[in-house]
Each structure stands twice: as structure tokens, then as C-alpha cells.
Amino acid sequence: QVQLVESGGGLVQPGGSLRLSCAASGSIFSINSMGWYRQAPGKQRELVAGISSGGRTNYVNSVKGRFTISRDNAKNTVYLQMNSLKPEDTAVYYCNADVRPTNWGAFTNYWGQGTQVTVSS
């Protein structure tokens, strides 16, 4: 079994910064893509940023230039540095990862439990 545990959410004023972390643990042989999604009240969950095993990144247009995704493969951890935060960034942020538990198994997609980010003055 694989667990994804997020941390780093909270309340921040507009223009502030937060850094989210997501650590994967359990039966892990390798991790392919990792990413951060968010879901605001009344809205669909959307991909915020993704990163491949090789470090290639992609972002939703609304966060380009403000958010940076990175990963530490040795620690099975993905990060999301969020700068210049806006009220519209308020949402529950979820970590996502494609994990291969064994060297003969298939990749399985996992989700974290979510962490609340609130941007408000």
C-alpha cells in the first residue's frame, strides 16, 4: 500500500507565499509522474502543476510564473512553491502520483488527503 501525505497548507495574505510538500511512503519501486491538483468550493478539481520522473514540468496558465513544482526522487517527495498568492488560489490542494509498487507491477495512481490553502486578508 502507498500513502501520500501533504503538508504546508494554511492561511496567507494576498501576495504571500506557501510551500506545499507531499511525501510518498509504503511499497514503492518507482514513481513516474507527480502533480498537484486543487479544488475550490463549487468547482471541478484541476491540475495545477505536474512533473515527470525526468523533471519536465507543466503548469496551468493561471499559476505560471508564480508557482514552481519540484521533486526529490531520493525522498519520494514533491513540492509546490507558491508565490504571489491570490484569493483565487484558495482551494484544497491534492497531491497525485503514479507509483509502481514492485518491479513487475503496473503503475497505480494515488491521491493524498488534501491540504487547505486559504488566501485572504
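Everything numeric here is computed off the predicted structure, so don't read it as measured data.

Caption draft 1: Main features of the overall build of the chain. On a plain count of helices and strands, the chain comes out with 0 helices and 11 strands. Reading the helices (α) and strands (β) of the chain from amino to carboxyl end gives β-β-β-β-β-β-β-β-β-β-β. The C-alpha extent of the chain, read off along each of the three principal axes, is 50 × 25 × 25 Å. Each of the 121 residues in the chain was classed as buried or not, and the buried ones make up 37%. For the chain, restricting intrachain contacts to residue pairs at least 6 apart in sequence, the fraction spanning at least 24 positions comes to 55%.

Caption draft 2: Molecular detail of the packing of aromatic side chains. Tallying each qualifying case throughout the model produces 2 aromatic pairs. When the ring of tyrosine 37 is compared with that of tryptophan 111, the centres are 4.8 Å apart and the planes differ by 65°; the resulting orientation is edge-to-face. In this pair, tyrosine 37 sits in strand β4 (residues 30-39) while tryptophan 111 sits in strand β10 (residues 108-111), placing the two residues 74 residues apart along the sequence. Between tyrosine 94 and tryptophan 111, the ring centres sit 6.5 Å apart and the planes meet at 85°, which makes this aromatic pair edge-to-face. One end of the pair, tyrosine 94, is in strand β9 (residues 91-100); the other, tryptophan 111, is in strand β10, with 17 residues separating them in the sequence. In this structure tryptophan 111 comes out as partly exposed when scored by relative accessible area, which is 37%. Among the aromatic side chains, those forming a connected cluster through ring pairs are Tyr37, Tyr94 and Trp111.

Caption draft 3: A look at the environment of serine 7. Mapped onto the elements, serine 7 comes out in strand β1 (residues 2-7). Once the C-alpha coordinates of serine 7 and cysteine 95 are considered, the two residues, 88 residues apart in sequence, prove to be 10.0 Å apart. Look past the residues within four positions of serine 7 in its chain and what remains in contact with it is Arg19, Leu20 and Ser21.

Caption draft 4: Geometry of the pairing of β1. Residues Val2, Leu4 and Glu6 point to one face of β1 and are all buried, whereas Gln3, Val5 and Ser7, pointing to the other face, are not buried. Note: β1 against strand β3 (residues 18-26), 6 bridges, orientation antiparallel. Bridging from a neighbouring strand, valine 5 pairs with alanine 23 of β3.

Caption draft 5: View of the sheet that holds strand β7 (residues 67-72). One open sheet holds the 4 strands; their spatial order is β1-β3-β8-β7, and the pairing between them is antiparallel. Looking at the sheet topology across the chains shown, the edges are occupied by β1 and β7. For this sheet the average axis-to-axis angle between neighbouring strands, irrespective of direction, equals 15°.

Caption draft 6: Here's a closer look at the nonpolar core. One finds Trp36, Phe67, Val78, Leu80, Met82 and Tyr93 to be the most contacted residues of the largest nonpolar core, which totals 28 residues. Within the residue set of this core, elements represented by two or more residues are β1, β3, β4, β5 (46-51), β7, β8 (77-82), β9 and β11 (115-119). With 5 residues, the single largest contributor to this core is β9. Every residue in contact with methionine 82, bar those within four places of it in the chain, is listed here: Gly16, Ser17, Leu18, Leu20, Arg66, Phe67, Tyr93 and Val117.

Caption draft 7: Representation of the pairing of β9 within the structure. Extensive coverage of β9 is indicated by the burial of 8 of its 10 residues. Across 8 bridges, the pairing between β4 and β9 is antiparallel. In the sheet register, glutamine 39 faces β9, and the bridge partner there is valine 92. Pairing of β9 with β11 involves 3 bridges; the strand directions are antiparallel. By the bridge assignment for β11, alanine 91 is matched with valine 117.

The rules behind the values
- Residues numbered from 1 in each chain as written.
- Predicted model: local features only at pLDDT ≥ 70, side-chain atom pairs only at ≥ 80, totals over all residues.
- Heavy atoms only, no water.
- Helix = DSSP H or I, 4+ residues; strand = E, 2+ residues; numbered from the N terminus.
- Buried < 20%, exposed > 50% of the residue type's maximum accessible area, 1.4 Å probe, protein only.
- Contact = heavy atoms within 4.5 Å.
- Phe/Tyr/Trp six-rings, centres within 6.5 Å; stacked < 30°, edge-to-face > 60°.
- Pairing = 2+ DSSP bridges.
- Axes fitted to C-alpha atoms, helices over the stretch in contact; angles between N-to-C directions.
- Core = buried A, V, L, I, M, F, W, Y, C linked by side-chain atoms within 4.5 Å.

Just distances and angles here, no functional claims.
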